[in-house]
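Below, each chain spelled out in residue letters.
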Amino acid sequence: MSERIPVKNVSKVEVHQPRRTTKKRHPSRSRIYVRAVKGPLETFRRFFGLFFLALFAILPFIQYNGQQAILLDISEQRFTLFSLTLWPQDLTLLAYLFIISAFALFFVTTFAGRVWCGFMCPQTTWVYIYTWFEEKIEGNRNKRIKLDERPMDWDKFWRKTLKQVCWWTVAILTGLLFVGYFTPVRQLFIDFFTFQTSFWATFSILFFAVCTWGNAGYMREIMCTHICPYARFQSAMFDRDTITVAYDARRGEARGPRPRKIPHDALSEKGLGDCIDCHLCVQVCPTGIDIRNGLQYECINCGACVDACNGVMDKMNYPKGLIRFTSEDALAGGTTRVFRPKLIGYFVVLLIMLAVFAANIIYRVPLEVDIIRDRNSLYRETNEGLIENVYTLKVLNKSQQSLTYTIDVQGLPSHELIGSNTVTVGGGEVATLPISVATDAYNLEDAVTEIQFKVSTTTSQGEMIQVTEPSKFLYQ
């Protein structure tokens, strides 16, 4: 007979059984369902984003002097920007442009936080477009949540299918427009829809279409919070005077629901702040954060929560601005300093780089000359007893019009050019010209004489273009 083990205080033992429920896990825990919001900031943000989207769509179709105004032709190693043509030799201008963009971003971020992300970033604009189709086809936030919880039926099937068709249409058009900056866009559209595009053009279009569809349709806030590096280093540019979207905790706490009949002046007597804890600020946030928890790197400064909160304040007859664009010092009761050393420093560097970039554009000579000496022989003696050196000139016409260049040699007395001393080069083309320079040996005092090739022309507008390139005349 086995020994019984006594159990003490059985009456105090509580056995917890898991609650049985047939309710599925709420989809919003794994996906953010953004609620639509209306307000002045949202209207401005949409206008701003759609304005730059229109620029993106229109610019490649603009013609200038009978050709595409903006064409970044990588295969020809030539970038055309209206009347300006850039070549690999002009990559310093591209470096200056990147530096200017970086310091402009630093300046704006230090002054107004992450407004680039909220108002100008292509990711934000395309997410808005995709969300707009989602709302029109599947309904508002609550309807979308319920639709995703339902099993597949005909209503869900056609809505999801139509949404994907719209998403893919936008994605393919985006890919076509993007590739249209690197290849003639009008012919690209014709070739694509007639299935005549090259392999690499088709691959590029589909690649950018898939990226657009994935980023704007599914990754959305993941791009802003985990992939984009800007979210990580932005805090290094923030200070207590940076203007960001912020929640006024001194005014809003303690939060909680209340009837509308309670006047605003009586809230403090009941131990309530202005925040009614409606969670609308969370529901309209594209990254799903609660701005009431303080400044967070996920915040893109779009101002959606500002519009949502101001709408609630209007309905409650409370003053607006519980959530607003302000600085940390202003929230603490101080004032926001606009002129501060870091901000002024960024602005000064930005102005300097803009000046350097403008000077390089203004004083840029649309002509490039390379001199290559004949490596087979240092020199040779002609039948007339002259000493001759052979060169190959490569003349690059960086302009967009055909020009005739005149070639002369300086630094060598009593010389003569054997061959043509003029060459006509088409706009954006390179001409190779073999040329010989000969002189009497009595004119040469040293074995190596420094000379210069002068290449010059006059444009149809009367502008004089001239380049002098050094070389050597050998006799030894």
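Residues numbered from 1 in each chain as written. Predicted model: local features only at pLDDT ≥ 70, side-chain atom pairs only at ≥ 80, totals over all residues. Heavy atoms only, no water.

1. A closer look at the overall build of the protein
Move 1: The helix and strand tally for the protein stands at 15 helices and 16 strands.
Move 2: Taken over C-alpha atoms, the radius of gyration comes to 35 Å for the protein, far larger than the 23 Å a tight globule of 476 residues would show.
Move 3: With respect to the three principal axes, the spread of C-alpha positions in the protein is 125 × 65 × 60 Å.
Move 4: Sorting the 476 residues of the protein into buried and exposed places 41% on the buried side.
Move 5: Partitioning the intrachain contacts of the protein with sequence separation of at least 6 by distance along the chain shows that 68% fall at a separation of at least 24.
Move 6: Approximately 27700 Å² of the protein is accessible, and the part contributed by carbon and sulfur atoms is 60%.
Move 7: Each charge class in the protein can be summarised by its mean position, and for the 52 positive and 44 negative side chains these summaries are 19 Å apart. (Helix = DSSP H or I, 4+ residues; strand = E, 2+ residues; numbered from the N terminus. Rg over C-alpha atoms; globule rule 2.2 N^0.38 Å. Buried < 20%, exposed > 50% of the residue type's maximum accessible area, 1.4 Å probe, protein only. Contact = heavy atoms within 4.5 Å. Areas by Shrake-Rupley, 256 points an atom, 1.4 Å probe, with all protein chains shown as cover. Lys, Arg positive; Asp, Glu negative; His and termini not counted. Charge placed at Lys NZ, Arg CZ, Asp CG, Glu CD.)

2. Focus on the nonpolar core
If you look at soluble globular proteins, the nonpolar side chains tend to sit buried side by side.
Move 1: Ranked by size, the top nonpolar core spans 33 residues in total, and within it Val 245, Ile 291, Cys 305 and Ile 323 carry the most contacts.
Move 2: Elements supplying a minimum of two residues to this core: strand 6 (244–247), helix 12 (280–283) and helix 13 (304–316).
Move 3: Here the element with the most residues in this core is helix 13; it accounts for 8 residues.
Move 4: Excluding its chain neighbours within four sequence positions, the residues that come into contact with Ile 323 are Val 245, Ala 246, Tyr 247, Cys 281, Ile 291, Cys 305, Val 306, Cys 309 and Asn 310. (Core = buried A, V, L, I, M, F, W, Y, C linked by side-chain atoms within 4.5 Å.)

3. Thoughts on the sheet that holds strand 5 (residues 84–86)
Sheets are built from strands paired through backbone hydrogen bonds, the pairs being either parallel or antiparallel.
Move 1: With antiparallel pairing, the 3 strands of this open sheet are ordered in space as 3-4-5. Every other strand in the sheet has two partners, leaving strand 3 (70–73) and strand 5 as the edge strands with one partner each. Here the strands of the sheet are splayed against their neighbours by 15° on average, with no regard to which way each runs.
Move 2: Note: strand 4 (residues 78–81) against strand 5, 3 bridges, orientation antiparallel. Across the sheet, Phe 79 pairs through a bridge with Leu 86, a residue of strand 5. (Pairing = 2+ DSSP bridges. Axes fitted to C-alpha atoms, helices over the stretch in contact; angles between N-to-C directions.)

4. Section: the UniProt feature "transmembrane region" (unreviewed entry) in the protein
Move 1: Those residues carrying the UniProt feature "transmembrane region" (unreviewed entry) are residues 47–64, 93–113, 165–182, 188–213 and 343–363 in this numbering.
Move 2: What you have in residues 47–64 is 67% helix and 11% strand, and the ends, taken at the C-alpha atoms, are 28 Å apart.
Move 3: Helix and strand shares over residues 343–363 are 95% and 0% respectively, and the end C-alpha atoms of the span are 30 Å apart. (UniProt positions renumbered as here; feature names shortened; annotations may be inferred.)

5. Some points on the sheet that holds strand 16 (residues 464–474)
Move 1: Strand order in this open sheet of 4 strands is 13-11-15-16, and the pairing throughout is antiparallel. If you trace the sheet from one side to the other, it starts and ends with strand 13 (422–425) and strand 16, each paired once. Strand-to-strand twist across the sheet, computed as the mean angle between neighbouring axes with direction ignored, equals 25°.
Move 2: As judged from the 11 bridges shared by strand 15 (residues 448–458) and strand 16, these two strands associate in the antiparallel manner. Its bridge partner lying in strand 16, Gln 452 is registered against Pro 470.

6. A look at the pairing of strand 10 (residues 387–397)
Move 1: Most of strand 10 is tucked away, with 8 of its 11 residues classed as buried.
Move 2: Bridge count for strand 8 (residues 367–373) against strand 10 is 7 bridges, and the pairing is antiparallel. Across the sheet, Leu 367 pairs through a bridge with Asn 397, a residue of strand 10.
Move 3: Looking at chain direction, strand 9 (residues 380–381) and strand 10 are connected through 2 bridges and run antiparallel. Across the sheet, residue Arg 380 finds its bridge partner in strand 10, namely Glu 388.

7. Thoughts on the environment of Leu 162
Move 1: Of note, Leu 162 is situated in helix 6 (residues 154–179).
Move 2: Since its relative accessible area comes to 35%, Leu 162 is described here as partly exposed.
Move 3: In sequence terms Leu 162 and Leu 474 are 312 residues apart; their C-alpha atoms lie 76 Å from each other.

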